[in-house]
Amino acid sequence: MTDLSHPPADTLPEAALPEAPVRLREIPYNYTSFSDREIVIRLLGEEMWQVLEELRGERRTGRSARMLYEVLGDIWVVQRNPYLQDDLLDNPKRRAMLVGALHHRLNEMEKRRAGYAEAGRAPEVGDKVQKLIVAAQKAVGEFEADFGEMDRLRKACVKRLSRITRKDNIAFDGMSRVSHVTDATDWRVEYPFVILYPDSEAECAELARELFELGLTIIPRGGGTGYTGGAIPLTKNSAVINTEKLTTLAAIERRKLPGLDVEVPVMRCGAGVVTKDAMETAESAGLVFACDPTSSDASNSWSNAVTAAWAAFSNALTLSSGFCRRVLISPSLCRIDAINAPRRLRLAS
């Protein structure tokens, strides 16, 4: 039966025919949320994106554009995949073949550009294409050099950090890096360079000093359940210190804290203590550890501290019990005293 509500396309006037779908992404292998524009700006610079936009209307066969996007796609897919990085780092021959293929495409672009004059193309078109080729050659050179720098820095990290913690606490593998690239926001900017799993708080200060001297950005990470993005690496030369092993949880005791005339209940817990364990410890003493319960099975004291997930003590709790929390995240990093009476948060290094 013919559907009269949708007549055949060949019976419609040209103006009524639907336009061909516009390809939103031309860079191949891009499974990320980054657009072509963002990738081009990251790899070639914003000026080159403007050049590409100007050349879009000058395309004839589009072969040069496809070859350029293939070069960018190959670089991008490796940069966004730690497993491919490890494979190429361990196989210099395969890496050389990839880099050779990138240069081959750019050389083919240059050959086509050299024939623009004979083909009647405007001189300014050839000049713009040449700018793109030069920028792409620079990107390929940096891409190749990154592997040598990565290998050097990994060896330096192992040499210096293994004096402080066990070697199996220093992770460069793809699984560790992928699992620490984001938090509950699912926002991915850069993959961390190395993940550290210290066995004790005593190791943290020494690790931090060495990482600073190595030129790495330090990111302490709790349970990865936050929505503030505090655990997300923004630079490729970053080191994530995973605090999951720091699970010291002492029994609640009463202490007189600075600024108070009476003793108050205090709970000391390590940065990796799961929030629910802290809540149950407080409950066993007839107290309430008042924090966001939605991620209590996965979040920990560090996450709660740095994201201010501990809501201010409720008036009922403050007035009835005067419960005070004190959490020593790590003597080597920071101490957080939360005193409910004056409602102030004091940070001391």
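Residues numbered from 1 in each chain as written. Predicted model: local features only at pLDDT ≥ 70, side-chain atom pairs only at ≥ 80, totals over all residues. Heavy atoms only, no water.

Visitor: Where do I start with the packing of helix α1 (residues 36-43) against helix α3 (residues 63-79) in this structure?
Guide: Between two packed helices, the angle of one axis relative to the other and the distance separating the axes together describe the packing. At a minimum axis separation of 11 Å, α1 and α3 run at an interaxial angle of 85 degrees. Classified by the interaxial angle, the pair formed by α1 and α3 is roughly perpendicular. Mapping the contact onto sequence places Ile39, Val40, Arg42 and Leu43 in α1 and Tyr69, Leu72, Ile75, Trp76 and Gln79 in α3. In terms of residue class, the contact of α1 with α3 is built from 7 nonpolar, 1 polar and 1 charged. (Axes fitted to C-alpha atoms, helices over the stretch in contact; angles between N-to-C directions. Helix = DSSP H or I, 4+ residues; strand = E, 2+ residues; numbered from the N terminus. Parallel < 35°, antiparallel > 145°, perpendicular 65-115°, else oblique. Contact = heavy atoms within 4.5 Å. Nonpolar A, V, L, I, M, F, W, Y, C, P; charged D, E, K, R; others polar.)

Visitor: Would you mind showing me how to read the environment of Trp76 here?
Guide: Looking at the element boundaries, Trp76 is found in helix α3. Its relative accessible area of 1% is what places Trp76 among the buried residues. Each C-alpha atom, one on Trp76 and one on Ile27, is 9.0 Å from the other, the two residues being 49 residues apart in sequence. Once residues within four sequence positions are removed from consideration, Trp76 is found in contact with Asn30, Thr32, Phe34, Ile39 and Arg42. For Trp76, the side chain forms a polar contact with the side chain of Thr32, separated by 3.3 Å. (Buried < 20%, exposed > 50% of the residue type's maximum accessible area, 1.4 Å probe, protein only. Polar contact = N/O pair within 3.5 Å; in protein donor to acceptor, adjacent residues only side chain to side chain.)

Visitor: Would you mind showing me how to read the packing of helix α5 (residues 92-114) against helix α6 (residues 123-161) here?
Guide: At a minimum axis separation of 10 Å, α5 and α6 run at an interaxial angle of 170 degrees. Classified by the interaxial angle, the pair formed by α5 and α6 is roughly antiparallel. Counting all contacts with α5, which are made through Arg95, Leu98, Val99, Leu102, His103, Leu106, Met109, Glu110 and Arg113, the residues of α6 involved are Gly126, Val129, Gln130, Ile133, Ala136, Gln137, Val140, Phe143, Glu144 and Phe147. Along the lines of polarity and charge, the residues of the contact of α5 with α6 split into 11 nonpolar, 4 polar and 4 charged.

Visitor: How do you make sense of the packing of aromatic side chains when you look at a structure like this?
Guide: Each aromatic ring pair is characterised by the separation of its centres together with the angle its planes make. Following the criterion strictly, the structure yields 3 aromatic pairs and no others. Seen from their ring centres, Phe143 and Phe147 are 5.3 Å apart, and the 85 degrees between their planes marks the pair as edge-to-face. Taken together, the residues span about one helical turn, with Phe143 and Phe147 both in helix α6 at a distance of 4 residues. For Phe147, a relative accessible area of 3% translates into the label buried. Taking 5.7 Å as the distance between ring centres and 75 degrees as the angle between the ring planes, the aromatic pair formed by Phe172 and Phe193 counts as edge-to-face. (Phe/Tyr/Trp six-rings, centres within 6.5 Å; stacked < 30°, edge-to-face > 60°.)

Visitor: Whenever I open this one, unusual backbone geometry confuses me. Can you help?
Guide: It is generally the case that most residues other than glycine have a negative phi and that most peptide bonds are trans. Phi is positive for Tyr29, close to 65 degrees, though the residue is something other than glycine. Mapped onto the secondary structure, Tyr29 falls in the segment before α1. When its relative accessible area of 47% is taken as the criterion, Tyr29 is described as partly exposed. Despite not being glycine, Asp186 shows a phi value in the positive range, around 60 degrees. For Asp186, the position within the fold is in the loop between α7 (174-179) and β2 (194-196).

Visitor: What is the right way to read helix α2 (residues 46-56) from this model?
Guide: Met48, Trp49, Val51, Leu52 and Leu55 are the residues of α2 that are buried. Viewed end-on, α2 has its buried residues packed into an arc of 160 degrees, placing them on one side of the element. The secondary structure elements touched by the buried residues of α2 are α1, α3 and α6. (Arc of directions from axis to C-beta.)

Visitor: Just to check I follow, could you spell out the layout of surface pockets for this structure?
Guide: The volume enclosed by the largest pocket comes to roughly 470 Å³. For the largest pocket, the lining is made up of 19 residues, of which Gln79, Gln85, Asp146, Met150 and Lys236 are closest to its centre. Elements with a contribution of two residues or more to the lining of the largest pocket: α1, α3 and α6. For the lining of the largest pocket, the leading source of residues is α6, giving 6 residues. The residue makeup of the lining of the largest pocket, split by class, is 9 nonpolar, 3 polar and 7 charged. (1 Å grid on protein atoms, 1.4 Å probe; cavity = no way out; pocket = protein on both sides within 12 Å on 5 of 7 lines; lining within 4 Å. Points joined across faces, edges and corners; volume = space filled by probe spheres on them.)

Visitor: I tried to follow the pattern of salt bridges on my own but got confused; where do I start?
Guide: Should the charged atoms of two oppositely charged side chains come close, the side chains can pair. Under the defined criterion, the tally for this structure stands at 26 salt bridges. Across the pair Asp74 and Arg105 runs a salt bridge, and its minimum N-O distance is 2.9 Å. Note that Asp74 is positioned in helix α3 and Arg105 in helix α5, a separation of 31 residues in sequence. Side by side, Asp74 and Arg105 carry an identical accessibility label, which is buried. (Salt bridge = Lys/Arg side-chain N within 4 Å of Asp/Glu carboxyl O.)

Visitor: Would you explain the environment of Ala205 in this entry?
Guide: Within the fold, Ala205 resides in helix α8 (residues 201-213). With 41 residues separating them in the primary sequence, Ala205 and Ile164 have C-alpha atoms 9.9 Å apart.

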